[in-house]
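# Observations on the three-dimensional arrangement
If you want the building blocks of each chain, they are given just below.
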Amino acid sequence: MNEAPVQRPPGASGEIAFHDACTQCGDCARACPEEIIMRDKEGLPVLSFANGECTFCNACIDACEPGALNAELPWLWRAQVANTCLSDQGVHCRTCQDFCDARAIGFQLKPGGLADMSLDRDSCTGCGACIAPCPVGAITLVQIKPETEARPC
Ligand code: SF4
Ligand code: SF4
Ligand code: SF4
């Protein structure tokens, strides 16, 4: 079974190349103003959206002296919503929408005062701001294929 892709900091290349290039110095994590860069069990940097979002400030890339992070590489993560979303269960909730500066999250009203949530992948920047506020943990980031990256975020 294939392991799920890991959310490395912006600018990370493929896993094999990143393992080779990253010295595990921790400079990226220290540079991140949002404090969302943690270490995985191997000591490599990995993002956690439990307490914050990525602002794409590139501070981690600038801090990476070994060059394991490259500003030219696109961010290939976008939000995905599971069917545990409260609006799918007939419960009123629009929490995630309040945190989405990109306005990628919308709701279509339906009879009874409830609404269906929709997420526009083309507008989503993959910042992760919607993940922590969701009361049922319904939002994750998933990797899109590079060829679908038709325009910059
Ligand atoms: S781009 Fe900025 S906010 Fe995002 S992980 Fe790097 S340092 Fe943190
Ligand atoms: S915050 Fe979570 S439960 Fe609420 S609408 Fe958004 S995805 Fe659904
Ligand atoms: S990841 Fe960011 S841009 Fe995408 S839906 Fe969530 S808050 Fe909006």
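Predicted model, so just to flag it, every value in this text is computed and none were measured. Position numbers for residues start from 1 in each chain and track the written sequence from start to end. Chains and ligands are labelled by the order in which they are written, letters from A for the one and numbers from 1 for the other. Local features in a predicted model are, by the rule used here, given only for residues with pLDDT of at least 70; side-chain atom pairs are given and counted only at 80 or more, and totals for whole chains, interfaces and linings are based on all residues. Side-chain metrics rest on all non-hydrogen atoms present in the structure, leaving aside hydrogens and water.

This part takes up the side chain of D40. Under the DSSP-based scheme used, a helix requires at least four consecutive residues in state H or I and a strand at least two consecutive residues in state E, with every element numbered from the N terminus. Topologically, D40 is positioned in the loop between β1 (37-39) and β2 (45-47). Polar contact is the term for a pair of N or O atoms within 3.5 Å; when the atoms are in protein, one must be able to donate a hydrogen and the other to accept it, and sequence-neighboring residues count only if both atoms are side-chain atoms. Here the side chain of D40 touches R8 through a polar contact of 2.9 Å, side chain to side chain. Contact definition: two residues touch when any of their heavy atoms are within 4.5 Å. Not counting residues within four places of it along the chain, the set of residues in contact with D40 comprises R8 and V46.

A few words on the site of ligand 3. Whether a residue is near a molecule or strand depends on its heavy atoms: if one lies within 4 Å, it is near. Lining the immediate environment of ligand 3, one finds A79, C100, A102, I105, C124, T125, G126, C127, G128, A129 and C130. Side-chain classes follow a simple rule in which Ala, Val, Leu, Ile, Met, Phe, Trp, Tyr, Cys and Pro form the nonpolar group, Asp, Glu, Lys and Arg form the charged group, and the remainder, Gly included, forms the polar group. Residues that form the shell around ligand 3 fall into these classes: eight nonpolar, three polar and no charged.

Close to ligand 1 lie 13 residues; C32, C54, C57, N58 and C60 are nearest. Counted by class, the shell around ligand 1 contains 10 nonpolar, two polar and one charged residues.

For the rest of this paragraph, the subject is the domain arrangement of the protein chain. Where each domain begins and ends is defined by an automated method or by a domain database. Annotation of the protein chain at the domain level lists domain 1 (1-75) and domain 2 (82-125 + 133-138). Placing the centre of domain 1 and that of domain 2 at their C-alpha centroids yields a distance of 28 Å.

We call two strands paired when DSSP finds no fewer than two bridges between them. As defined by bridge partners, strand β4 (residues 105-109) adjoins strand β5 (residues 115-119) across five bridges and the pair is classed as antiparallel. Opposite I105, over in β5, you have L119 as the bridge partner. In sequence, β4 turns back onto β5 through a hairpin of five residues, with G112 there showing a positive phi of about 95 degrees.

As a further point, take the side chain of S87. Mapping S87 onto the fold places it in the loop between β3 (77-81) and α4 (95-99). Residue S87 is classed as buried on the basis of its relative accessible area, which comes to 2%. With residues near it in sequence (within four places) discarded, S87 still touches C93, F107, K110, A115 and M117. Accessibility here uses a 1.4 Å probe with only protein chains present; expressed as a share of the type maximum, an area under 20% marks a residue as buried, one over 50% as exposed, and anything in between as partly exposed.

Quick look at the pattern of salt bridges now. Each salt bridge in this description consists of a side-chain nitrogen of Lys or Arg and a carboxyl oxygen of Asp or Glu lying within 4 Å of one another. With the rule as written, the count across this model stands at four salt bridges. Between D27 and R30 there is a salt bridge, with its nearest N and O atoms 2.8 Å apart. With a gap of three residues between them, D27 and R30 both fall in helix α2 (residues 27-31), about one helical turn apart. D27 gets classed as partly exposed once you look at its relative accessible area, which sits at 28%. Judged by relative accessible area, which is 61%, R30 ranks as exposed. Look at the salt bridges and you will find they share partners, linking R8, E15 and D40 into a network.

A word on the packing of aromatic side chains. Any Phe, Tyr or Trp ring, taking Trp's six-membered ring, that has another such ring centre within 6.5 Å forms a pair; planes under 30 degrees apart are called stacked, those over 60 apart edge-to-face, and the others tilted. Counted under the stated rule, the structure contains two aromatic pairs. Taking the centre distance of 5.9 Å and the plane angle of 65 degrees together, the rings of F56 and W75 count as edge-to-face. Within this pair, whereas F56 is found in the loop between β2 and α3 (59-63), its partner W75 is found in the loop between α3 and β3, the two being separated by 19 residues in sequence. Classification of W75 by relative accessible area gives buried; the value is 9%. Each ring, one from W75 and one from W77, has its centre 6.4 Å from the other, and the planes form 45 degrees; the classification is tilted. We note that W75, like W77, is buried. Joined through ring pairs, the aromatic side chains of F56, W75 and W77 make up one cluster.

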